[in-house]
Amino acid sequence: MHVGLQINNAGTNIRKTTIDYTAEDFSFLMSTNLESVFHLCQLAYPLLKASGSGSIVFVSSVEANYQHQQHLYMVQLKLARSLACEWAKDNIRSNSVAPWLITTPLTEKFATAGGKFFNGIMSKTPLGRPGEPKEVASVVAFLCLPAASYVSGQTICIDGAVTSNAFPLP
């Protein structure tokens, strides 16, 4: 059996309150966080359907699960759930992963710098450390495997138990 895979790892945020977003901010966020992955899904659909067993994984953010400053990022979670229902008839699954603070080149300076904000984040994270890219990659890989063939329309938080602890952040 051939499996078709699509990983959507596009997203950004502008940390402003809703009232402070400009039309350009909103357009940029929607084109990056929704339009890009929406159109990629449209383009990939025939290939995923032809594979006989397709899997789409959206890489989002744990903050998208909350009414927090990443509220425009939540559109990916809704799209993943919607596709899971719409494309199930074609044996295409759609899921999301929602990482918390992951050590990457973009976050490394922040994560190693310490400070009040970082320490506040870690105090809300029961595992007490940032995640590693391989910890996200492992969950994404699982969602693409036949072992996850009945998992669809779900969001898996990769967060050191922060969503089980307390929110909002300091």
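Residues numbered from 1 in each chain as written. Predicted model: local features only at pLDDT ≥ 70, side-chain atom pairs only at ≥ 80, totals over all residues. Heavy atoms only, no water.

### Quick notes on the packing of aromatic side chains
Considering all chains together, one arrives at one aromatic pair under this definition. Look at Tyr45 and Trp87: their rings are 4.6 Å apart centre to centre, the planes differ by 45°, and that puts the pair in the tilted class. Residue Tyr45 is located in helix H1 (residues 23-51), and its partner Trp87 is located in the loop between helix H2 (74-86) and strand S3 (92-99); the two are separated by 42 residues in the primary sequence. As far as burial versus exposure is concerned, Tyr45 and Trp87 are alike and both buried. (Phe/Tyr/Trp six-rings, centres within 6.5 Å; stacked < 30°, edge-to-face > 60°. Helix = DSSP H or I, 4+ residues; strand = E, 2+ residues; numbered from the N terminus. Buried < 20%, exposed > 50% of the residue type's maximum accessible area, 1.4 Å probe, protein only.)

### Observations regarding the nonpolar core
Counting residues in hydrophobic clusters, the biggest one holds twelve residues: Val37, Cys41, Ala44, Tyr45, Leu48, Ile56, Phe58, Leu79, Ala80, Leu83, Trp87 and Ile92. Those elements giving two or more residues to this core turn out to be H1, strand S2 (54-59) and H2. For this core, the leading source of residues is H1, giving five residues. Apart from residues no more than four positions distant in its own chain, Val37 is found in contact with Gln6, Asn8, Ala10, Phe58, Gln76 and Leu79. Counting nine residues, the second largest nonpolar core, distinct from the first, contains Val97, Val136, Leu143 and Ile158. (Core = buried A, V, L, I, M, F, W, Y, C linked by side-chain atoms within 4.5 Å. Contact = heavy atoms within 4.5 Å.)

### Observations concerning the sheet that holds S2
Adjacent strands of a sheet pair through backbone hydrogen bonds, lying either parallel or antiparallel. Ordered in space as S1-S2-S3-S4, the four strands form an open sheet in which the pairing is parallel. Two strands in the sheet have a free side with no partner beyond their single neighbour: strand S1 (4-8) and strand S4 (155-158). Across the sheet, the axes of successive neighbouring strands diverge by a mean angle of 20°, strand direction being ignored. Bridging between S3 and S4 involves four bridges; their strand directions are parallel. Looking across to S4, one finds that Pro99 is bridged to Ile158. Contacting S1, S2 and S3, H1 crosses the sheet at an angle of about 165° to S1. (Pairing = 2+ DSSP bridges. Axes fitted to C-alpha atoms, helices over the stretch in contact; angles between N-to-C directions.)

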